Amino acid sequence: MRKQPTITVGIPTYLGGSHLIQVLKSIYQEENISLIESVIVVSDGRKISPSVVKKIKHKKLRIIQAQERGGQATRINDIIQATKTDLLILTNDDVLFLPTALSSVVSEYRKTKSEMISVATYPIKPKTLIERVLKASADIKRDVIGQIAKKETYLTTNGRFIVLTRKVYKHLSLPEKLVNSDAYIYFHVLAKKITHSYIEDVVCLYREPGTLREHVNQVYKFQMSFTENSKYFTKRFLRNKYKVNKTVLIKANIRALIKNPLYVSLYFLTFAVVRVCIALRVYDMSGINGGFWETDYTTKSI
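Residues numbered from 1 in each chain as written. Predicted model: local features only at pLDDT ≥ 70, side-chain atom pairs only at ≥ 80, totals over all residues. Heavy atoms only, no water.

*Asks:* Could you clarify how one ought to interpret the pattern of salt bridges in this entry?
*Replies:* Here the idea is simple: oppositely charged side chains can pair when their charged atoms come close. Inspection of every chain in the model, using the stated rule, returns 10 salt bridges. The residue Arg69 makes a salt bridge to Asp44 at a minimum N-O spacing of 3.8 Å. Residue Arg69 is located in the loop between strand E3 (61-65) and helix H3 (72-82), and its partner Asp44 is located in the loop between strand E2 (36-43) and helix H2 (50-56); the two are separated by 25 residues in the primary sequence. For Arg69, a relative accessible area of 34% translates into the label partly exposed. Of the charged contacts, one joins Lys111 and Glu108 as a salt bridge, the two residues approaching to 3.8 Å between their closest N and O atoms. Taken together, the residues span about one helical turn, with Lys111 and Glu108 both in helix H4 (residues 101-112) at a distance of three residues. For Glu108, a relative accessible area of 10% translates into the label buried. A single salt-bridge network, built from bridges that share partners, covers Asp44, Arg69, Arg75 and Asp78. (Salt bridge = Lys/Arg side-chain N within 4 Å of Asp/Glu carboxyl O. Helix = DSSP H or I, 4+ residues; strand = E, 2+ residues; numbered from the N terminus. Buried < 20%, exposed > 50% of the residue type's maximum accessible area, 1.4 Å probe, protein only.)

Take a look at the structure:
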C-alpha cells in the first residue's frame, strides 16, 4: 500500500470568535482525519477566549498566540514555519470542510502530483438578499471556470482552501502587509513553473457577505490585487494571467441570466453600485492599504 501523505491544516485568525468552533468541528469530522498530523491556528494579536479554546480542544490542535497584530500574510508565514508535513492546507476561519475534503485532496495529489492544488468552494444557503445576489455571482464564476481549458485561471484560487506541498511552502514567504495572499501564492507558483491543478468538486463551504459594506470591502481588496502584486511580478505577466476570454464571460452571464433572471439582474446592479461606492469612497477603506481590514462579521455566521 502506498504511503499516505501527512497533512497540516493552517488557519490564521484575527477575530478568533465562536465561529472557530464550527470550522474546527467540520475538520475534526473529516472521513480521513487520521491523515491530519496537526491543525495550527495562529491568532493575530488577539487572545482566543478560554470558552472557545475549551470547545475546540483536540489532540491534533495547536494554537499559536501572536503578541502583536501582523496581518494575515504574517500569520500565514508563522503557519509555514511551524509545518513539517507533506501537504499544507491553508484555509480561513469562516469556512466549513465537507467530510470528503481530505479524500478529494489526496486523490488529486496522487493522480496529478501537483505541487499546488486549488479547489471549488461554494456559498452556504443564503439568509439575506445580498447573499442570494452574490450566490448568483458564484454560479457565474463556476460556469466560467468550467469553460476554461485545464482550469488555469486565477479564478480557481482563493484563500478559503489552498493546498501546497512541502517543496512549495518551504520556499514560500509572503511579503508583510500583503492583502491578496491567495493571488500572490498562485502567481508565485506560475512564475516558478510549479505544477498546479484544480478540484472541480466542491470541497468546502462559506457564507457570502450579508451587507453591502462588507461586499464592497471584498471587492476593493480584489481590485488592489493587480497593483499590489505588480511589486513582485511583471505587469505583462499579471495582465496575461488576469485575462479571461470575453466570449466565455458573456456566455456564462447569458446562461445565468436565463436560468436565474431576478438575482442575476440584481447582481449586475450590485456590481455597478459597488464600483460607484469605491470610486466615491463612500466607505473608509484606508486600513486595507496597510495590510489590515475591518472584519467581515456576517461571513462568520456559519
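*Asks:* I'm lost on the environment of Gly210 in this one. Help?
*Replies:* Within the element layout of this structure, Gly210 appears in the loop between strand E8 (196-206) and helix H8 (212-229). Expressed as a C-alpha distance, the spacing of Gly210 and Tyr297, which sit 87 residues apart in the sequence, is 8.6 Å. Apart from residues lying up to four places away in sequence, Gly210 is in contact with Thr128, Ile130, Glu131 and Thr298. (Contact = heavy atoms within 4.5 Å.)

*Asks:* Looking at this model, I keep getting lost on the packing of helix H5 (residues 129-147) against helix H11 (residues 261-279). Mind explaining?
*Replies:* Helix-helix packing is characterised by the crossing angle of the two axes and by the distance between the axes. It is at 8 Å that the axes of H5 and H11 come closest, and there the two elements cross at 95°. One finds that H5 runs roughly perpendicular with respect to H11. Taken together, the residues of H11 that come into contact with H5 (itself represented by Leu129, Arg132, Val133, Ala136, Ser137 and Ile140) are Tyr263, Val264, Leu266, Tyr267 and Thr270. Of the residues assigned to the contact of H5 with H11, the class counts are eight nonpolar, two polar and one charged. (Axes fitted to C-alpha atoms, helices over the stretch in contact; angles between N-to-C directions. Parallel < 35°, antiparallel > 145°, perpendicular 65-115°, else oblique. Nonpolar A, V, L, I, M, F, W, Y, C, P; charged D, E, K, R; others polar.)

*Asks:* What exactly am I supposed to notice about the nonpolar core here?
*Replies:* In globular proteins that are soluble, nonpolar side chains generally tend to be buried together. Counting residues in hydrophobic clusters, the biggest one holds 43 residues, and the most contacted among them are Leu90, Val144, Leu164, Leu174, Ile185 and Phe187. Other than its neighbours up to four places away in sequence, Leu164 contacts Asp86, Leu87, Leu88, Leu90, Glu115, Met116, Tyr169, Leu172 and Ile185. Val9, Ile89, Phe161 and Ile199 belong to the second largest nonpolar core, which has 34 residues in total. (Core = buried A, V, L, I, M, F, W, Y, C linked by side-chain atoms within 4.5 Å.)

*Asks:* I'm lost on helix H1 (residues 19-28) in this one. Help?
*Replies:* Since the α-helix packs 3.6 residues into each turn, any two residues three or four apart lie on the same face. With eight of 10 residues buried, H1 is to be regarded as a mostly interior element. As for H1, its buried residues are in contact with strand E1 (7-13), E2, H2, E3 and strand E5 (95-97).

*Asks:* So what exactly am I meant to see when it comes to the packing of aromatic side chains here?
*Replies:* In this description, a pair of aromatic rings is defined by centroid distance and the angle of the planes. The final tally for this structure, using the stated rule, is 13 aromatic pairs. Seen from their ring centres, Tyr267 and Phe268 are 6.1 Å apart, and the 50° between their planes marks the pair as tilted. You can call Phe268 partly exposed: its relative accessible area is 34%. A connected cluster of aromatic rings, assembled from ring pairs, spans Tyr154, Tyr184, Tyr186, Phe187, Phe222, Phe226, Tyr232, Phe233, Phe237 and Tyr242. Here the basic side chain of Arg46 rests over the ring of Tyr14, its NZ or CZ set 5.1 Å away from the ring centre. (Phe/Tyr/Trp six-rings, centres within 6.5 Å; stacked < 30°, edge-to-face > 60°. Lys NZ or Arg CZ within 6 Å of the ring centre and 35° of its normal.)

*Asks:* Can you walk me through the pairing of E3 in this structure?
*Replies:* In the case of a regular strand, side chains alternate between the two sheet surfaces. Pairing geometry for E2 and E3, over five bridges, is parallel. Of the residues in E3, the one forming a bridge with Val41 is Ile63. Read as a crossover between parallel neighbours, the route from E2 over H2 to E3 is right-handed. (Pairing = 2+ DSSP bridges. Right-handed = clockwise from strand over helix to strand, strands pointing away.)

*Asks:* Where do I start with the sheet that holds E5 in this structure?
*Replies:* Sheets are built from strands paired through backbone hydrogen bonds, the pairs being either parallel or antiparallel. Read from one edge of the open sheet, eight strands run E3-E2-E1-E4-E7-E6-E8-E5, paired in mixed fashion. A single partner strand is all that each edge strand has here, and the edge strands are E3 and E5. Going across the sheet, the axis of each strand differs from the next one's by a mean of 30°, ignoring polarity. As paired strands, strand E6 (residues 116-123) and strand E7 (residues 161-165) are joined by three bridges and run antiparallel to one another. Residue Met116 lies in a different strand from E7, and its bridge partner there is Leu164.

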